[in-house]
Amino acid sequence: MKQTSDLAIVLKSVRYQDRHKIVTALTQNNGLISCIAQNSIQSRRFGGCLEAFSVGLWQFSQKNSNSNLFYLQEASPKKSFNALEQSFTALSLASFFNELLLRVIAPGESCPQVFQLHFNALCSIDHHYKETHFEWILINGFLTKLLQWYGYQPQLHACISCNIPTEKIPQNSQLLGLAPKGGWLCEDCSPFENKSSLGESIGYLTKNALSNFNVNLNFPIKKVSQNICGTKKDHQALYEYLFDFAQYHLPGLDQSPLKSARFLVQEPTLQPQVSHHQ
């Protein structure tokens, strides 16, 4: 059996029979793989390399070309993230990233950019977890970059009806986000009094949310927190829009809700205001 060496970030680890584990990881060059770590329950030879979020150098082999299951021979630790042991919010956010990737990445799909995104996101959690709203800033940056890698990117530079650009929108405007269309409507074009007539998923955006989306596009995830503006409501509004958009385009997200999301999403963001139409 040919042995392969690759960096791996553990996404999930489950017990198999009495003495073994099946560990699913995102690798740098081989995509998403699942390995049997034999006798790993009672042995220390893998150290802490089999726990979720662990980053290690793996040595593994494939039993035969028709099997999607690998055998893990060796694993040595390369990076750990202390914030995940100190902050429940940090742990919830990292769990969200893991669960999201397990849903959307096909086994064996080569995605070194996504591996680097995930590694950088975990490093950013470790560095920024004490900062205000860090979880919403990083989750929006992660979703934006993931959508960008898959070739799906909402067009948020202007209203999709009248084409008024974002920079000309008044600061306190409440905008109607249309996730299926990948765009938004300004207040003059929004049918707030009859939103059900649109017949599709809608949400509410702010000018700050749109500005932050552009920051996510143009800065690496390690630097987005230094350039983001706005309040928690702005961040949550952008998250709800991006996740709705992702559900329409990324395979796997149209299934049941992500379990880890319930620890992050606790209250609604914006409520429709109709006074300007009355």
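Quantities reported herein were computed from a predicted structural model and do not represent experimental measurements. Numbering of residues starts from 1 in every chain and runs along the sequence as written. For this predicted model, a pLDDT threshold of at least 70 governs which residues receive local features, and a threshold of 80 or more governs which side-chain atom pairs are given and counted, while totals over whole chains, interfaces and linings are taken from all residues. Heavy atoms from the whole structure form the basis of all side-chain values; hydrogens and water molecules are not counted.

Helix and strand assignments come from DSSP, with helices taken as H or I runs of at least 4 residues and strands as E runs of at least 2, each series counted from the N terminus. Looking only at helices and strands, the protein features six helices and eight strands. Overall, the protein shows an N-to-C arrangement of helices and strands of β-β-β-β-β-α-α-α-α-β-β-β-α-α. Counting only C-alpha atoms and orienting by the principal axes, one finds that the protein spans roughly 70 × 40 × 30 Å. For the protein, buried positions account for 50% of its 278 residues. Residue contacts follow a heavy-atom distance rule, with two residues in contact if any of their heavy atoms lie within 4.5 Å. For the protein, restricting intrachain contacts to residue pairs at least 6 apart in sequence, the fraction spanning at least 24 positions comes to 67%. Under the convention used here, a 1.4 Å probe and the Shrake-Rupley method define accessible areas, while residue burial counts only the protein chains that appear. For the protein, the exposed area adds up to about 13600 Å²; of that, 46% sits on carbon and sulfur atoms. Type-normalised accessible area, obtained with a 1.4 Å probe on protein chains alone, sets the label of each residue: buried when under 20%, exposed when over 50%, and partly exposed for intermediate values.

Two strands are said to pair when DSSP picks up at least two bridges between them. With mixed pairing, five strands are arranged side by side around a closed barrel as 1-2-3-5-4. Adjacent strand axes in the sheet meet at a mean angle of 50° when their direction is disregarded. By the bridge criterion, seven bridges tie strand 1 (residues 3-16) to strand 4 (residues 55-62) in an arrangement that is antiparallel. Bridge assignment links Thr4 to a residue of strand 4, and that residue is Phe60. Every axis in this analysis is a line fitted to C-alpha atoms, fitted for helices over the stretch in contact. Angles between the N-to-C directions lie between 0 and 180 degrees. Along the sheet, helix 2 (residues 88-104) makes contact with strand 1, strand 2 (20-27) and strand 3 (31-37), crossing strand 1 at roughly 105°. Helix 3 (residues 112-128) contacts strand 1, strand 2, strand 4 and strand 5 (69-79) of the sheet and is inclined by roughly 60° relative to strand 1.

Quick look at the confidence of the model for the protein now. Of the residues in the protein, 90% have a pLDDT of 70 or more, and the chain-wide mean is 87. Along the chain, pLDDT gives the predictor's confidence residue by residue, from 0 to 100. Per-element averaging of pLDDT across the protein places strand 8 (residues 202-205) at the bottom with 82 and helix 3 at the top with 96. The low-confidence segment residues 267-278, where pLDDT is below 50, has 29 contacts with residues more than four positions distant or belonging to other chains.

To continue, consider the pattern of salt bridges. When a carboxyl oxygen of Asp or Glu is within 4 Å of a side-chain nitrogen of Lys or Arg, the pair counts as a salt bridge. Under the defined criterion, the tally for this structure stands at one salt bridge. A salt bridge links Glu51 to Lys21; the nearest nitrogen and oxygen atoms lie 3.1 Å apart. Of this pair, Glu51 sits in the loop between strand 3 and strand 4 while Lys21 sits in strand 2, and the two are 30 residues apart along the sequence.

Attention now moves to the packing of helix 5 (residues 207-218) against helix 6 (residues 232-249). Here helix 5 crosses helix 6 at 65°, and the two axes come no closer than 9 Å. Here helix 5 is positioned roughly perpendicular relative to helix 6, judged by the angle of their axes. Crossing of helix 5 over helix 6 shows right-handed handedness. Contacts between helix 5 and helix 6 involve Asn208, Ala209, Asn212, Phe213 and Asn216 from the former and Asp234, His235, Leu238 and Leu242 from the latter. Residues are grouped as follows: nonpolar covers Ala, Val, Leu, Ile, Met, Phe, Trp, Tyr, Cys and Pro; charged covers Asp, Glu, Lys and Arg; every other residue, Gly included, is treated as polar. Residue composition of the contact of helix 5 with helix 6, by class: four nonpolar, four polar and one charged. Note that the term roughly parallel is reserved for angles under 35 degrees, roughly antiparallel for angles over 145, roughly perpendicular for angles of 65 to 115, and oblique for everything else. Handedness of each helix crossing follows the sense of rotation of the near helix against the far helix: counterclockwise by less than a right angle gives left-handed, clockwise gives right-handed.

Looking now at the nonpolar core. Counting 69 residues, the largest nonpolar core has Phe96, Leu100, Ile105, Ile125, Phe142, Leu146 and Trp184 as its most contacted members. Residue contributions to this core peak at 10 residues, all from helix 4 (residues 134-150). Sequence-distant contacts of Phe96, that is, excluding residues within four places in its chain, are made with Ile139, Tyr239, Phe243, Leu258, Ser260, Ala261 and Leu264. Only buried residues count toward a nonpolar core. Its members are Ala, Val, Leu, Ile, Met, Phe, Trp, Tyr and Cys residues joined through side-chain atoms within 4.5 Å. Judged by nonpolar contacts, the second largest core, of 15 residues, contains Ala25, Cys49, Leu50 and Phe60.

A few words now on the sheet that holds strand 6 (residues 175-178). Taken together, three strands build an open sheet; the order of strands is 7-6-8 and the sheet is antiparallel. Strands at the two margins of the open sheet, each flanked by one partner only, are strand 7 (183-185) and strand 8. Each strand of the sheet is rotated relative to its neighbour by a mean of 35°, with strand direction disregarded. By the bridge criterion, four bridges tie strand 6 to strand 8 in an arrangement that is antiparallel. When the bridges of strand 8 are listed, Gly177 appears paired with Gly203.

Attention shifts here to the environment of Asn140. Turning to its location among the elements, Asn140 is positioned in helix 4. Residue class for Asn140 comes out buried when judged on its relative accessible area of 3%. Separated by 72 residues in sequence, Asn140 and Asn212 place their C-alpha atoms 8.7 Å apart. Beyond its immediate chain neighbours, meaning those up to four positions away, Asn140 contacts Asn216, His235, Leu238, Tyr239 and Leu242. Under this definition, polar contacts are N or O atom pairs within 3.5 Å; protein pairs additionally need one hydrogen-donor-capable and one acceptor-capable atom, and for neighbouring residues in sequence, both atoms have to be side-chain atoms. Side-chain polar atoms of Asn140 contact the backbone oxygen of His235, separated by 3.0 Å.

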